[in-house]
Amino acid sequence: MGTDTWPQCRKCQDGDLLPLSDFGGQGAPIHYKAWVCSNPDCGFNIKIRNGDVYQNEPVASGASHAPRIR
Ligand SMILES: [Zn+2]
């Protein structure tokens, strides 16, 4: 129940595609900028950047932005 709110992932047919939002340079919210599969084993993702659509980009875990260890 409640899991059929989002479209099903077409790749793994198991997870749901969850919409992600971002904030633009002016702080304006960009709704549904990216969709990511909820199945961690699938990792399918699609996002829009500057009007172009990107599929299955490597998911940035944030490690690249980790603070330097002094
Ligand atoms: Zn999937």
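Just so you know, these numbers come straight off a predicted model, no measurement behind them.

1. Observations concerning the sheet that holds strand β3 (residues 45-49)
Sheet strands pair via backbone hydrogen bonds, and the direction of the pair is either parallel or antiparallel. Reading across the sheet, the 4 strands line up as β1-β2-β3-β4 and stay open at both edges, with antiparallel pairing between neighbours. Only two strands of the sheet have a single neighbouring strand rather than two, namely β1 (17-23) and β4 (52-55). Averaged over all pairs of adjacent strands, the angle between strand axes in this sheet comes to 25°, irrespective of strand direction. Note: β1 against strand β2 (residues 29-37), 6 bridges, orientation antiparallel. Bridge assignment links P19 to a residue of β2, and that residue is W35.

2. A short note on the pairing of β4
Sheet analysis places β3 next to β4, joined by 4 bridges and oriented antiparallel. In the sheet register, K47 faces β4, and the bridge partner there is Y54. Linking β3 back to β4 in an antiparallel pair, the connection comprises 2 residues, with N50 at a positive phi of about 55°.

3. What to know about the confidence of the model for the protein chain
If pLDDT is low for a region, its predicted coordinates should not be looked at in detail. In this model, the protein chain carries a mean pLDDT of 82, and residues with pLDDT of at least 70 account for 79%. Averaged pLDDT values for the elements of the protein chain fall to 87 in β3 and rise to 90 in β4.

Conventions we followed
- Residues numbered from 1 in each chain as written.
- Predicted model: local features only at pLDDT ≥ 70, side-chain atom pairs only at ≥ 80, totals over all residues.
- Pairing = 2+ DSSP bridges.
- Helix = DSSP H or I, 4+ residues; strand = E, 2+ residues; numbered from the N terminus.
- Axes fitted to C-alpha atoms, helices over the stretch in contact; angles between N-to-C directions.
- pLDDT = per-residue confidence, 0-100.

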